[in-house]
Amino acid sequence: MAEKSPRYPRDFHGHGADRPDAAWPGGARIAVSFVLNYEEGGENCLLHGDAASEAFLSEIVGAAPWPGQRHWNMESIYDYGARAGFWRLHRLFTETRVPVTVYGVATALARSPAQVEAMQEADWEIASHGLKWIDYKDHTPEDEAADMDAAIQLHTEVTGARPMGWYTGRCSVNTVALAAQRGFDWISDTYDDDLPYWIDADGRDQLIIPYTLDCNDMRFATPQGFNAGDQFFAYLRDSFDALYAEGTSGRPAMLSIGLHCRLIGRPGRVQALRKFIEYINGFEGVWCARRTDIAAHWAATHPPQRRHNWHLLGQEAFVSTFGGIFEHSPWIAEGAWALELGPAHDSAQGLHNALCRVFRAASDDQRLEVLRAHPDLAGKLAAAKRLTDESTAEQASAGLDALTDDERHQFETQNSAYVAKHGFPFIIAVKDHDKAGILRAFERRIGNDSATEFTEACKQVERIARLRLEEME
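Rules used throughout
Along each chain, residue indices are assigned from 1 in the same order as the chain's sequence is written. The predicted nature of this model means local features are confined to residues of pLDDT at least 70 and side-chain atom pairs, given and counted, to a pLDDT of 80 or more, with totals for whole chains, interfaces and linings taken over all residues. Where side-chain values are given, they derive from all heavy atoms of the structure, hydrogens and water being excluded. Counting from the N terminus, the helices are DSSP H or I runs at least four residues long and the strands are E runs at least two residues long. Put simply, a nonpolar core is a bunch of buried Ala, Val, Leu, Ile, Met, Phe, Trp, Tyr and Cys residues held in one set by side-chain atoms that sit within 4.5 Å of each other. The buried label applies to any residue whose accessible area, calculated with a 1.4 Å probe on protein chains only, is under 20% of its type's maximum; exposed applies above 50%, and partly exposed to all values in between. In this description, contact between two residues means that some pair of their heavy atoms is separated by no more than 4.5 Å. A helix's residues, less one, multiplied by 1.5 Å, set its expected span. Any pair of N or O atoms that falls within 3.5 Å is considered a polar contact. Within protein, one atom must be able to donate a hydrogen and the other to accept it, and sequence-neighbouring residues count only if both atoms are side-chain atoms. Confidence scores labelled pLDDT are given residue by residue by the predictor and lie between 0 and 100. Definition used for salt bridges: Asp or Glu carboxyl oxygen within 4 Å of a side-chain nitrogen of Lys or Arg.

(A) Quick peek at unusual backbone geometry. Even without glycine at this site, Asn-309 takes up a positive phi of about 55°. Within the secondary structure, Asn-309 is located in the loop between helix H8 (291–301) and helix H9 (315–322). In this model, His-328 sits at a positive phi of 50°, which is unusual for a non-glycine residue. Mapped onto the elements of the fold, His-328 is located in the loop between H9 and helix H10 (330–337).

Following this line, the structure appears as C-alpha cells:
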C-alpha cells in the first residue's frame with residue numbers, strides 16, 4: 001500500500017482574486033460589525049480558581065502573571081471595565097442606535113447581571129467568549145471541549161438562551177473544530193479574510209465570520225499599538241475608507257471592530273469611537289449589523305457550495321481522475337499526489353500548478369515522452385477514431401473533425417515535415433485557435449530550431465492540461 005501523501009490544511013486561496021459580491025442588504029457598500037468583548041470577571045484570578053493573576057490587555061503594559069497571588073491593581077483595572085467602561089459604551093451605542101455583538105465570557109456574564117440585562121434590553125447579540133478568559137494553547141482537546149460545554153450551559157442559564165456564535169480568542173489549534181461540533185451558527189476564531197466563508201467541519205457546513213486584531217482597541221495595551229485616541233480613530237477611518245471604496249467598485253466587504261470595556265471605555269479613548277461612529281454615519285450604504293445578522297444574510301445569500309476536495313483523494317482515485325490530464329502520462333499525476341497538496345489545489349489553477357511542477361522537474365527525456373504521447377492533429381489516429389476522449393473533443397472544438405480533402409492534405413504534409421525535423425508531434429492548445437490559426441502556427445513553428453520548439457511544445461502541453469482541468473471544475 002502506498003504511503004499516505006502529506007496534506008496541508010491551511011487555505012491560502014480563500015475567495016480568490018475575485019471575491020463574491022456580498023450583496024449586503026439594501027445594496028450596502030460595506031458591513032460594519034462592532035464587537036464588545038465582555039471579559040471582566042472571567043480573567044485569570046485566584047478567586048476564579050486559577051494558579052496566577054491576569055497579565056493580558058490592561059493598562060499595565062508588560063505585566064507578568066503572579067503565581068499564587070492576587071494582583072490587586074490588575075483586578076481593579078478589570079473592575080473598571082464592568083463598573084464604568086461598560087456603561088459609557090452602552091450609552092454611546094444606544095444613543096447612536098448602533099447594533100452590537102457581545103463576546104461574553106460566561107463566568108464574567110454570570111458576575112454581571114445588571115450588564116447582561118442592559119445588553120438584552122438594547123437587543124445586543126450575546127455570543128460566547130468561552131467559560132473563562134484564559135489561554136487554551138496548552139489544553140487537551142478533552143479539557144477544552146469540557147470548558148466549551150460548561151460555557152454553553154452557564155451562558156444559557158445567565159441569559160436565558162443558548163449562544164449561537166462563538167469566539168474563544170486565546171484559542172488552540174483545536175478550537176474551531178470543537179466549536180463546529182457544537183453547532184454554532186457562526187465562529188470567529190480566525191483573522192484570515194474580509195468576508196465570511198464556509199468550511200467543511202467533518203461533513204457539516206460551518207460558517208466562519210473572521211474577526212480582527214488590527215481594528216481592535218487591544219492595541220492600546222500592546223507595545224506596538226495606539227498611544228492616543230486619534231491614532232485609533234485614524235486607523236478605523238482608513239480601514240473603513242479602503243473597504244468602502246472597494247464596495248463602491250463592486251466588491252463589498254466587512255469591517256470588524258474589536259472593543260473592550262476596560263480599554264476603549266476610558267474617557268480619553270471613547271471619544272475616538274464616537275468620532276468614528278459619527279464619521280461613518282455620513283456615508284450612504286453602510287450596514288451596521290450584529291454578527292448574527294451577517295450570518296443569517298450570508299447563509300441565505302451565499303449558501304455553502306461543496307468544494308472538490310481533490311487534495312483529499314486517495315492515490316488510486318487521484319491518478320484515475322487526473323492521470324490523463326497530461327496525455328497518456330499518469331506518472332505526472334502520481335508525482336503530484338505525492339506533493340504537499342492542500343485546499344489551494346482544489347481548483348484548476350491550483351492543481352495545474354502541482355501537475356506542472358512534476359512535469360517541469362522531469363528530465364528532458366521524460367518530457368519528450370510526454371510530447372510523443374500526443375497525437376498528430378487531424379492525423380491517422382483521429383481518422384481511426386482512436387484519440388482519447390479529451391483529444392477528440394479538443395480537435396473537434398477547432399473543427400479538425402470536419403476537414404476538406406485539401407485541408408486534410410495540408411495537415412498531413414505539415415505533420416510529416418514537423419515530426420521529421422523535431423522528432424515529436426506538433427502540439428498546440430487547439431481551443432485557443434481555429435483551423436486557419438493552427439495552420440499559421442504550423443508554418444511559423446516548423447521553422448524553429450528543435451530546442452526552441454521543444455520549449456514551446458512543453459508550454460503548449462501545460463496549456464492543454466490547464467484547459468482540461470478547467471473543463472472538470
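And the narrative resumes.
(B) Inspection of the nonpolar core at higher detail. Grouped together as the largest cluster of nonpolar side chains are 69 residues, with contacts concentrated most on Trp-24, Phe-34, Tyr-38, Phe-93, Leu-259, Leu-273 and Phe-276. If we ignore the near neighbours within four places in the chain, the residues touching Phe-34 are Phe-93, Val-98, Pro-99, Val-100, Thr-101, Ile-257, Leu-259, Leu-273, Phe-276, Ile-277, Ile-280 and Cys-288. Ile-332, Phe-411, Phe-426 and Val-430 belong to the second-largest nonpolar core, a separate cluster that totals 43 residues.

(C) Structural detail: helix H17 (residues 450–472). Over its 23 residues, H17 extends 33 Å from the first C-alpha to the last, a length consistent with the 33 Å expected when each residue adds 1.5 Å. Where H17 is concerned, the buried positions are Glu-453, Phe-454, Ala-457, Cys-458, Gln-460, Val-461, Glu-462, Ile-464, Ala-465, Leu-467, Arg-468 and Leu-469. Its side-chain oxygen 3.1 Å from the backbone nitrogen of Ala-451, Asp-449 forms the N-cap of H17.

(D) How the structure looks around the confidence of the model for the chain. Put simply, the chain has an average pLDDT of 89, and 92% of its residues get 70 or more. Predicted confidence is poor over residues 383–387, with pLDDT under 50, and the contacts of this stretch with residues over four places away or in other chains come to 6 contacts.

(E) Spotlight on the pattern of salt bridges. Throughout the structure, instances matching the rule amount to 16 salt bridges. Here Asp-149 ties to Arg-182 by a salt bridge, and the two come within 2.7 Å at their closest N and O atoms. You can see Asp-149 sitting in helix H4 (residues 141–159) and its partner Arg-182 sitting in the loop between helix H5 (175–181) and strand S5 (186–187), a full 33 residues away along the chain. Residue Asp-149 is classed as partly exposed on the basis of its relative accessible area of 39%. Salt bridges here are not isolated pairs; linked through shared partners, they connect Glu-39, Glu-40 and Arg-262.

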